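Each chain, letter by letter, is given below.
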Amino acid sequence: EKGTYPHFMLKEIDEQPLVMRKIIQAYQNADGDLEIDSDIKQAMSAADRIYIVACGTSYHAGLVGKQLIEKLAAIPVEVHLASEFGYNMPLLSEKPLFIFISQSGETADSRAVLVKVKEMGHRALTITNVPGSTLSRESDYTMLLHAGPEIAVASTKAYTAQIAVLAILASVTGAAKGITADLDLVKELGIAANAMETLCDAKEEFEQIAAEYLPAAINCFFIGRSIDHFVGLEGALKLKEISYIQAEGFAGGELKHGTIALIEEQTPVIALATQAGVNGSIRANVKEVAARGASTCIISMQGLETEGDRFVLPAVHELLTPLVSVIPLQLIAYYAALHRGCDVDKPRNLAKSVTVE
Ligand code: F6R
């Protein structure tokens with residue numbers, strides 16, 4: 001039930017801090033340490049390469065998951081769109097492990113790949129919100145998102161839950177492999193949950209950004225570098241699917257190789273700046289588009305902010321920034337759709353669970 005909320009999407013955005021806390025609890029052992037099924041730990045440690053397969057928002061979470069697994073568990077990761085995997089089957093490593101990420105656990109494109117890789121005799125882990133779902137039943141292992149039912153067609157809390165669970169998977173695997181990381185994940189996820197709450201309490205700020213940048217927009221760009229690029233892809237998908245504004249998530253440095261031709265007077269460009277290593281270079285990209293007339297909106301992270309930034313996110317661990325940076329983008333999409341009179345929870349042409357290939 002939506003309770004006092006006008007839409008499920010807004011309710012589900014607001015539930016994200018609570019979902020973080022539920023996930024921490026669900027994966028904590030009696031000593032308070034994060035723990036996962038020993039079979040999963042073993043399968044991860046034995047893999048020489050991981051293949052993440054997913055669609056849409058879950059694919060975007062997978063792109064972040066690659067960073068987490070490579071950095072915390074030191075296993076190479078490829079991320080694939082399920083709908084493409086069948087035709088362009090990559091050359092597999094000797095000991096592959098497949099990870100399917102699917103909120104519903106019913107997505108036909110992902111299932112088709114699962115069936116194929118099981119036939120080939122490979123192992124698969126499904127990360128899903130729905131216990132007993134098809135992908136969960138047909139995989140060797142399952143990790144649950146504990147996000148509660150997601151009703152709005154546009155996925156929000158499942159995305160952040162997927163990233164948190166991938167972080168736990170990566171961190172516990174890394175520890176099992178004897179890799180020492182300077183990351184206390186229980187603590188850092190707790191900090192992220194608090195930061196997410198702060199953002200959910202600042203909705204008017206994002207309503208204001210939507211009102212300022214998007215009422216007359218025919219298109220919108222979300223730019224970022226590194227992990228911010230992946231969150232930009234998700235921000236663009238959210239905006240497209242519920243407000244019907246043409247949107248593109250783009251790697252900041254790639255704009256000059258063609259796409260910058262689309263920048264006109266007043267084109268909205270929303271830039272994320274949460275990564276210290278690329279803070280200077282993404283800001284240079286913002287200057288490039290601003291010089292061509294774009295209306296730029298920088299969302300940065302505390303510690304990296306510069307005067308003129310439109311919003312400064314509370315600081316969280318560098319690998320966990322998508323948990324917080326996605327919330328403004330979810331809310332901007334929500335309010336842009338609302339202002340345009342769109343059916344936020346049930347956008348046209350879309351179904352919650354895509355059970356056809
Ligand atoms: C976007 C959205 C979709 C799903 C995609 C995969 O907001 O919800 O892109 O993420 O259809 O669905 P699942 O995760 O259920 O496999």
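That block above? That's the structure.
Notes on the structure in this doc start here.

Conventions we followed
Residues numbered from 1 in each chain as written. Predicted model: local features only at pLDDT ≥ 70, side-chain atom pairs only at ≥ 80, totals over all residues. Heavy atoms only, no water. Near = heavy atom within 4 Å. Polar contact = N/O pair within 3.5 Å; in protein donor to acceptor, adjacent residues only side chain to side chain. Areas by Shrake-Rupley, 256 points an atom, 1.4 Å probe, with all protein chains shown as cover. 1 Å grid on protein atoms, 1.4 Å probe; cavity = no way out; pocket = protein on both sides within 12 Å on 5 of 7 lines; lining within 4 Å. Sits in = over half its atoms within 2 Å of the grid points. Helix = DSSP H or I, 4+ residues; strand = E, 2+ residues; numbered from the N terminus. Nonpolar A, V, L, I, M, F, W, Y, C, P; charged D, E, K, R; others polar. Buried < 20%, exposed > 50% of the residue type's maximum accessible area, 1.4 Å probe, protein only. Pairing = 2+ DSSP bridges. Right-handed = clockwise from strand over helix to strand, strands pointing away. Arc of directions from axis to C-beta. Contact = heavy atoms within 4.5 Å. Expected span 1.5 Å × (residues − 1). Axes fitted to C-alpha atoms, helices over the stretch in contact; angles between N-to-C directions. Phe/Tyr/Trp six-rings, centres within 6.5 Å; stacked < 30°, edge-to-face > 60°. Lys NZ or Arg CZ within 6 Å of the ring centre and 35° of its normal. Salt bridge = Lys/Arg side-chain N within 4 Å of Asp/Glu carboxyl O. Patch = residues over 30% accessible without salt bridge, like charges linked within 9 Å, V, L, I, M, F, W, Y side chains within 5 Å. Lys, Arg positive; Asp, Glu negative; His and termini not counted. Charge placed at Lys NZ, Arg CZ, Asp CG, Glu CD.

## As for the site of the ligand
Thought 1: Around the ligand, 14 residues are found, and the nearest of them are Ser58, Ser102, Ser104, Thr107 and Glu241.
Thought 2: At 2.6 Å from an oxygen atom of the ligand is found a side-chain nitrogen or oxygen belonging to Ser102.
Thought 3: Here the ligand has 400 Å² of accessible area as a free molecule, and 90% of this is covered by the chains.
Thought 4: Applying the majority rule of atoms within 2 Å of the grid points places the ligand in the largest pocket.
Thought 5: Of all the elements in the fold, those that place two or more residues in the shell around the ligand are α4 (56–73) and α11 (227–243).
Thought 6: Residue classes in the shell around the ligand are distributed as four nonpolar, eight polar and two charged.

## Some details on the pairing of strand β1 (residues 49–54)
Thought 1: Most of β1 sits inside the fold, with five of its six residues counted as buried.
Thought 2: Strand direction decides the pairing type here: β1 and strand β3 (residues 96–102), joined by five bridges, are parallel. Looking across to β3, one finds that Ile52 is bridged to Ile99.
Thought 3: Bridging between β1 and strand β2 (residues 77–81) involves five bridges; their strand directions are parallel. Paired with Ala54 across the strands is Leu81, a residue of β2.
Thought 4: With α4 bridging β1 and its parallel neighbour β2, the resulting β-α-β unit is right-handed.

## Remarks on helix α2 (residues 16–26)
Thought 1: Within α2, the full set of buried residues consists of Gln16, Pro17, Val19, Met20, Ile23 and Ile24. Projected onto a plane normal to the axis of α2, the buried residues spread over an arc of 160 degrees and lie on a single side.
Thought 2: In this structure, the buried residues of α2 make contact with α1 (8–14), α8 (157–176), α9 (185–200) and α13 (321–339).

## Structural notes on α8
Thought 1: With 20 residues, α8 ought to run about 28 Å at 1.5 Å a step, and its terminal C-alpha atoms sit 28 Å apart, in line with that.
Thought 2: Of all the 20 residues making up α8, 18 are buried; the element is thus mostly covered by neighbouring parts of the structure.
Thought 3: Just past α8, the residue Gly178 takes up positive phi, approximately 80 degrees.

## Focus: the sheet that holds strand β10 (residues 311–313)
As a general point, the strands of a sheet are linked pairwise by backbone hydrogen bonds and lie either parallel or antiparallel.
Thought 1: Taken together, five strands build an open sheet; the order of strands is β7-β6-β8-β9-β10 and the sheet is parallel. The open sheet is flanked by β7 (246–251) and β10, the only strands paired with a single partner. Sheet twist, expressed as the mean angle between neighbouring strand axes with direction ignored, is 20 degrees.
Thought 2: Strands in contact with α13 are β6 (219–224), β8 (268–273), β9 (295–301) and β10; relative to β9, the strand with the most contacts, it is inclined by about 145 degrees.

## Notes on unusual backbone geometry
Thought 1: Phi at His146 takes a positive value of approximately 55 degrees, unusual for a residue other than glycine.
Thought 2: Tracing the sequence through the fold places His146 in the loop between β5 (141–144) and α8.

## Some details on the packing of aromatic side chains
Thought 1: Under the counting rule described, the total for this entry stands at five aromatic pairs.
Thought 2: Connected via pairs of aromatic rings, a cluster forms that spans Tyr51, Phe85, Phe98 and Phe100.
Thought 3: Positioned over the ring face of Tyr244 is Arg348, at 3.7 Å from the centre of the ring.

## Here we look at the pattern of salt bridges
Any two side chains of opposite charge can pair, given that their charged atoms come close.
Thought 1: Inspection of the entire model under this criterion finds 15 salt bridges.
Thought 2: For Glu197, the salt bridge goes to Arg21, with nearest N and O atoms at 2.9 Å. Placement of Glu197 in helix α9 and of Arg21 in helix α2 is noted, with a sequence separation of 176 residues between them.
Thought 3: Look at Glu197 and you get partly exposed, because its relative accessible area is 34%.
Thought 4: Assessed through its relative accessible area of 30%, Arg21 is described here as partly exposed.
Thought 5: Glu150 serves as the salt-bridge partner of Lys352, at 2.7 Å between the closest nitrogen and oxygen. Of the two residues, Lys352 sits in the segment after α13 while Glu150 sits in the loop between β5 and α8, which places them 202 residues apart along the sequence.

## Notes on a negative patch on the surface
Thought 1: Among the surface-exposed residues, Asp201, Glu204, Glu205 and Glu207 lie close enough to one another that they form a single negatively charged patch.
Thought 2: Its place among the elements puts Glu205 in helix α10 (residues 203–213).
Thought 3: With a relative accessible area of 36%, Glu205 lands in the partly exposed category.

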